[in-house]
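Listed below are the residues making up each chain.
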Amino acid sequence: MTYNGGISAHAAKVNTRYHRVFVGVCTEVERSVKDGSELTGASGQPRDTSNLYFSWIGKFLSRFSWRLATNVEYAPIVEENVRGVQFRNHGPHSVAMTILGADRILQTVTERQRNA
């Protein structure tokens with residue numbers, strides 16, 4: 001193998017690992033927002049009607065671009081718990097808690113990939 005070939009092979013390997021970590025982080029973020037997560041402390045979306053829960057859609061926009069979004073108009077009201085509702089099992093602030101726990105998500109996913 002030539003020097004350039006070795007560099008190219010290594011770059012491809014790193015790129016593949018980076019992509020696996022990226023996909024893993026996206027998966028954990030979606031899980032945290034929708035279902036709650038022990039990594040972030042997020043409680044997940046309320047499931048009284050499941051409308052809000054199922055409205056959260058994660059979508060890959062390109063190889064390294066991803067978006068999690070909802071089109072439910074009352075999502076910010078639930079997220080911020082504007083009405084002071086007592087939720088059973090799930091509750092508000094899942095997006096905020098997920099953002100605050102992003103470092104733990106990245107650390108955990110990276111560790112999983114390292115051990116894979």
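Along each chain, residues carry numbers from 1 onward, in the same order as the chain's sequence is written. Under the rules for a predicted model, residues below a pLDDT of 70 receive no local features and side-chain atom pairs below 80 are neither given nor counted, while totals for whole chains, interfaces and linings still include all residues. The side-chain values count all of the structure's non-hydrogen atoms but skip hydrogen atoms and water molecules.

(A) Summary view of the nonpolar core. Residue types Ala, Val, Leu, Ile, Met, Phe, Trp, Tyr and Cys, when buried and joined through side-chain atoms within 4.5 Å, form a set referred to as a nonpolar core. Partly exposed describes any residue whose relative accessible area lies between the buried limit of under 20% and the exposed limit of over 50%, with all areas from a 1.4 Å probe on protein chains only and scaled to the type maximum. Membership of the largest hydrophobic core comes to 15 residues, with the highest contact counts inside it found for Val-29, Leu-52, Trp-56, Trp-66, Leu-68 and Ile-105. By definition, any uninterrupted DSSP run of H or I lasting at least four residues is a helix, any uninterrupted run of E lasting at least two residues is a strand, and each is numbered from the N terminus. At the level of elements, helix H1 (3-35), strand E2 (65-69), helix H3 (75-80) and helix H5 (102-115) are the ones that each hand at least two residues to this core. If one sorts the elements of this core by residue count, H1 sits on top with five residues. By definition in these notes, contact holds between two residues if any of their heavy atoms fall within 4.5 Å. In contact with Trp-66, not counting residues within four places along its chain, are Phe-22, Cys-26, Val-29, Glu-30, Gly-58, Lys-59, Phe-60 and Leu-61.

(B) Examining the packing of aromatic side chains more closely. Here is the rule: rings of Phe, Tyr and Trp (six-membered ring for Trp) pair when centre to centre is within 6.5 Å. Planes less than 30 degrees apart are stacked, more than 60 are edge-to-face, and the remainder are tilted. According to the stated counting rule, one finds five aromatic pairs in the structure shown. For the ring pair Tyr-18 and Phe-64, a centre distance of 4.9 Å and an interplane angle of 45° mean the geometry is tilted. Separated by 46 residues along the polypeptide, Tyr-18 in helix H1 and Phe-64 in the loop between strand E1 (57-62) and E2 bring together distant segments of the chain. Each member of the aromatic cluster is reached from another via a ring pair, and the members are Tyr-18, Phe-22, Phe-60, Phe-64 and Trp-66. Note that Arg-47 overlies the ring of Tyr-53, its terminal NZ or CZ placed 3.6 Å from the centroid. Both a distance and an angle decide whether a charge sits over a ring: NZ of Lys or CZ of Arg must be within 6 Å of the ring centre and within 35 degrees of the ring normal.

(C) Local environment of the pairing of E1. Alignment of E1 against E2, held across five bridges, turns out to be antiparallel. Residue pairing across strands places Lys-59 opposite Arg-67, the latter belonging to E2. Strands are treated as partners if at least two bridges between them are detected by DSSP. Between E1 and E2, which pair antiparallel one after the other, the connecting turn spans two residues.

(D) Up close: unusual backbone geometry. We note that Ser-50 has phi near 70°; this positive angle belongs to a residue other than glycine. Inspection of the secondary structure puts Ser-50 in the loop between H1 and helix H2 (51-55). Residue Ser-50 is classed as buried on the basis of its relative accessible area, which comes to 17%. Of note, Asn-81 is a non-glycine position whose phi angle comes to about 50°, a positive value.

(E) Spatial organisation of the side chain of Lys-34. Locating Lys-34 in the fold gives a position in helix H1. Neither His nor the chain termini are counted; the positive set is Lys and Arg, and the negative set is Asp and Glu. Any Lys or Arg side-chain nitrogen located within 4 Å of an Asp or Glu carboxyl oxygen qualifies as a salt bridge. One buried charged residue, Lys-34, remains without a salt bridge, the closest side chain of opposite sign being Glu-30 at 4.0 Å. Ignoring anything within four residues of it in the chain, the contact list for Lys-34 reads Gly-44, Gln-45, Tyr-53, Trp-56 and His-90.

(F) Spotlight on the confidence of the model for the protein chain. Residues with a pLDDT of 70 or more make up 94% of the protein chain, whose mean pLDDT is 89. One confidence number per residue, pLDDT, is output by the predictor and ranges from 0 to 100. When mean pLDDT is taken per element in the protein chain, E2 scores highest with 97 and H1 scores lowest with 88.

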